[in-house]
Amino acid sequence: MRRFDRLEFGGRQENAQSASAQEQHLRSADHDEHYWIKAAVEERRNGMHESALRYYSRALELDKSLVGGWVGQVQMLIALAEYPEAELWSRKALELFKNNADLLAARSQSLCRIGDLKNAQASCDAAIGQQGLFSYPWVARGELMLARKQDTDTYCFDKAAQLDNDWLVLLDIGAIYLHYSRATRAIQRIRTAVEAAPDHAYCWYCQGKCELALGLNGSAEKSFNHCLQLMPKHVLARRALEDLKRHRHVVRSLFRRLFGSS
Amino acid sequence: MQCTNCGFQNMPGSEVCGRCATSLGLATAVMDVHPPRASSTAKLARRLFPIRKDYFRMRDALHVEAVAARIHSATPSLPRPSVLARLVVPGWSHFLLRQRVRGHLFLWGFIACLLLWIPMYGSGWGSVWLGMAFSVHASAALDIVTQNSPLASVRQRIGGSILVALVLGIVVYWPCSLLLGEFVQPHHVQAHMAAFEPGDVILVNRWPSPRRGDVVLYSITYSTTYFPDGHRRLTNVYLGENIDRILAISGDTVQCESGQLIVNGTPSPWLPLNPRPMSGRFTWTVPPFHCLILPSGAPGWPNLSDPNLWQTTGNVALENIVGRAYLRSSPLSRFHVIR
């Protein structure tokens, strides 16, 4: 009954609340914050941003000093296209962790998505100026360059991929390219990620999405099917595949092939 | 105590990290850790109407233009004549100087105010919108003039603003108002007349010469009627201005037979704005520099059975005609072309 513990049923509300409190107590007793962070990262690697956000919150309920939890929350909010909320949350996190490079980069990215490039630039500069080698500030810088329509975005993304050879970074870069309707550039990064981690369903899902944006419906279908083979319960891939089968728009596909996804 | 953010080893009892200023008592602090969420409606609204994004884009573009203008204004001087000449239209000079965002803002702001002014022309709100249009135009001009030579002190700014507004008023708006006033002169109806109510705004064209069938605005003066027995009577039909139709012009022979008005031997297709049954039988010729207008809408419309009264009140001197009334522009609920 764990999945229904937040539902409210009139008079049973108090019981539900007490049950929820007990459940929470058990949860905290059973698992520590590191468990929830790990679970959040796992969900994130599967492309389940909503549940990853929830798990980051659970980790922070147990320990508010986990910077990774705050950064993860902001990143998930950005992935869920809730940019003003992400900006607000990154500001709140920065009050607690002043000058944290990843938080500054996350703020820069959220500001960039909102369109406030001036403040995004300032935040990104501050993030890169911090001590240590972090890949996320370079991802944010690359996105900023992309938003400003400057050619140095490739350099920034290459730098980010160099600093962190995790395939998730490549997928993040691909998602950024897709957000700015640069599917041809996105597919290069995502294919590299697929080569690096062919056994991860999320890579195949992202590749399918990118191919769909390019109008390559056949390839997209194959990628989604591959994703479902690796993870049969991948809801997003199943939904995308159903949509693809339901709406086989030849004209739209041709249009996408000719003029891109935008 | 080790900082969770940077790993710096702080002294026991410290509240914040000595290196990165992170709160050290954060792990046990009471605060909400659940981020705010956007509803699906809000997300959709943001996607459909990216107002915030547009605002930031415009702000950045204006900033870039301002910086470029500041670079250009290294040596204070007036803009070149081609730029100054384009100040006639707000935003035109900005386009020439490649300040497209400002140009669009000024131009469309001005056009919006003008579009709001046109239907309210002559009314109080019309004046407000015209004033707004003028201020947008003056701001555009001031923006161009001060780009190359920024006005430093408050006195200079006030003086510069007044000077720009004055020059613009004299060079652009005064000739325009003179020209416009000939064709589109607003007239406020003061009293009830014919189909018009007090407060209506009538647009009058002063240019064309009076023709049969034109609805005109004219002024009525005191008129004196001489009777055959020698005594005279002062007739005050309606002192002031009136609006009605010209039925005959100078030289026309007018006859009235059994309520039918005949002009030059043919039944007149025109009727006064507020037609009433005419009685009596008479014939006369409209004198030179006069035209026949029956003040049908005036409250003291005389008894038309008396031919003397007809001639006295109906014969209007051309000099008393203000112009052709062609549109009731205000109130908007009764916006109507006058025919």
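Model, not experiment: these values are computed from the prediction.

Novice: What am I meant to see in the overall build of chain A here?
Specialist: Tallying secondary structure elements over chain A gives 15 helices and zero strands in all. Looking at chain A residue by residue over its 262 residues, the buried ones come to 45%.

Novice: Even after reading the chapter, I still don't get the overall build of chain B, so can you show me in this structure?
Specialist: The secondary structure content of chain B amounts to eight helices and 14 strands. Residues classed as buried in chain B amount to 24% of the 339 residues present. Considering only contacts within chain B whose residues lie at least 6 apart along the sequence, 58% involve residues at least 24 apart.

Novice: What is the right way to look at the interface of chain A and chain B in this model?
Specialist: Bring the parts together and some accessible area is lost; that lost area is often taken as the interface size. Facing 24 residues of chain A, the contacting portion of chain B comprises 22 residues. Those elements giving two or more residues to the side of chain A that touches chain B turn out to be helix H3 (49–62), helix H4 (67–79), helix H5 (83–96) and helix H7 (117–128) of chain A. With four residues, H5(A) is the largest single contributor of residues to the side of chain A that touches chain B. Split by residue class, the side of chain A that touches chain B holds 10 nonpolar, six polar and eight charged.

Novice: What am I meant to see in helix H9 (residues 153–163) of chain A here?
Specialist: Within the sequence span of H9(A), burial applies to A:Asp153, A:Cys156, A:Phe157, A:Ala160 and A:Ala161. Buried residues of H9(A), seen end-on, are gathered within an arc of 135 degrees and therefore sit on one face of the element.

Novice: Hey, could you run me through the confidence of the model for chain B in this one?
Specialist: Low-pLDDT stretches of the model should not have their predicted coordinates read in fine detail. Residues and elements named next belong to chain B. Across chain B, the average pLDDT comes to 81, with 83% of residues at 70 or higher. Averaged over each element, pLDDT in chain B is lowest for strand E5 (residues 232–235) (58) and highest for helix H5 (residues 100–117) (92). With a pTM of 0.56, the predicted complex shows an ipTM of 0.72.

Novice: Help me understand the nonpolar core in this model?
Specialist: Generally speaking, nonpolar side chains in soluble globular proteins are found buried as a group. With 75 residues, the main nonpolar core has A:Val74 and A:Ile190 as its most contacted residues. With nine residues, helix H12 (residues 201–214) of chain A is the largest single contributor of residues to this core. If we ignore the near neighbours within four places in the chain, the residues touching A:Val74 are A:Ala86, A:Trp89, A:Ser90, A:Ala93, A:Ala106 and A:Ser110. One finds B:Val189, B:Ile202, B:Leu261 and B:Cys291 within the second-largest nonpolar core, a separate group that totals 27 residues.

Novice: Even after reading the chapter, I still don't get the sheet that holds strand E9 (residues 266–267) of chain B, so can you show me in this structure?
Specialist: Remark on secondary structure: sheet strands pair via backbone hydrogen bonds, oriented parallel or antiparallel. All names here are of chain B. Strand order in the open sheet made by the four strands is E9-E8-E7-E10, with antiparallel pairing throughout. Because the sheet does not close on itself, it has two edges, and the strands there are E9 and strand E10 (282–285). As paired strands, strand E7 (residues 253–257) and E10 are joined by four bridges and run antiparallel to one another. For Cys-256, the partnering residue across the bridge sits in E10 and is Phe-282.

Novice: Would you take a moment to explain the pairing of strand E2 (residues 201–205) of chain B for this structure?
Specialist: Every regular strand shows the same layout, with side chains that alternate between the two sheet faces. Residue and element names in this part refer to chain B. Counting buried positions along E2 yields four of five residues, so the element is predominantly enclosed. Of the strand pairs in this sheet, strand E1 (residues 185–188) and E2 are connected by four bridges, and their pairing is antiparallel. Each bridged residue has a counterpart across the sheet, and for Pro-186 the counterpart in E2 is Leu-203. Where E2 lies against strand E13 (residues 321–330), five bridges are found, and the strand directions are antiparallel. Looking at E13, one finds that Leu-203 is bridged to Leu-327.

Novice: What's the story with the packing of helix H13 (residues 217–230) of chain A against helix H14 (residues 235–246) of chain A in this structure? I'm lost.
Specialist: Each packed pair of helices is defined by two parameters, the angle between the axes and the distance between the axes. Residue and element names in this part refer to chain A. It is at 9 Å that the axes of H13 and H14 come closest, and there the two elements cross at 150 degrees. For H13 against H14, the interelement crossing comes out left-handed. Residue-level contacts link Asn-217, Ala-220, Glu-221, Phe-224, Asn-225, Cys-227 and Leu-228 of H13 to Ala-237, Arg-238, Ala-240, Leu-241 and Leu-244 of H14. Taken together, the residues of the contact of H13 with H14 break down into eight nonpolar, two polar and two charged.

Novice: Looking at this structure, I do not really get helix H6 (residues 101–114) of chain A. What am I missing?
Specialist: In an α-helix, one turn spans 3.6 residues, which is why side chains three or four residues apart end up on the same side. For H6(A), spanning 14 residues, the distance from its first C-alpha to its last is 20 Å, which sits close to the expected 20 Å at 1.5 Å a residue. Count one or two residues on from H6(A) and you reach A:Gly115, which has phi positive near 115 degrees.

Novice: So what exactly am I meant to see when it comes to the packing of helix H10 (residues 167–179) of chain A against H12(A) here?
Specialist: Residue and element names in this part refer to chain A. Running from amino to carboxyl end, H10 crosses H12 at an angle of 20 degrees, the nearest separation of the two axes being 11 Å. Judged on the interaxial angle alone, H12 and H10 are roughly parallel. The crossing of H10 and H12 is left-handed. Where H10 abuts H12, its residues Trp-167, Leu-171, Gly-174 and Leu-178 lie against Tyr-202, Cys-203, Cys-206, Lys-209, Cys-210 and Ala-213. Considered class by class, the residues forming the contact of H10 with H12 number eight nonpolar, one polar and one charged.

Novice: Any chance you could explain the confidence of the model for chain A here in plain terms?
Specialist: Of the residues in chain A, 83% reach a pLDDT of 70 or more, and the chain-wide mean stands at 84. This stretch, residues 10–19 of chain A, has a pLDDT under 50; its non-local contacts, to residues over four places away or in other chains, come to six contacts.

Novice: Help me understand the environment of A:Val139 in this model?
Specialist: Residues and elements named next belong to chain A. Relative to the elements of secondary structure, Val-139 occurs in helix H8 (residues 136–147). The exposure class assigned to Val-139 is buried, which follows from the 27 C-beta atoms found within 10 Å. Along the sequence, Val-139 and Asp-158 sit 19 residues apart, while their C-alpha atoms lie 8.9 Å from each other. Not counting residues within four places of it along the chain, the set of residues in contact with Val-139 comprises Phe-157, Ala-160, Val-169, Asp-172 and Ile-173.

Reading guide: rules and limits
Residues numbered from 1 in each chain as written. Chains lettered and ligands numbered in written order. Predicted model: local features only at pLDDT ≥ 70, side-chain atom pairs only at ≥ 80, totals over all residues. Helix = DSSP H or I, 4+ residues; strand = E, 2+ residues; numbered from the N terminus. Buried ≥ 20, exposed ≤ 12 C-beta atoms within 10 Å, placed from the backbone. Contact = placed C-beta atoms within 7 Å. Nonpolar A, V, L, I, M, F, W, Y, C, P; charged D, E, K, R; others polar. Arc of directions from axis to C-beta. pLDDT = per-residue confidence, 0-100. Core = buried A, V, L, I, M, F, W, Y, C linked by C-beta atoms within 7 Å. Pairing = 2+ DSSP bridges. Axes fitted to C-alpha atoms, helices over the stretch in contact; angles between N-to-C directions. Left-handed = near helix turned anticlockwise from the far one by under 90°. Expected span 1.5 Å × (residues − 1). Parallel < 35°, antiparallel > 145°, perpendicular 65-115°, else oblique.

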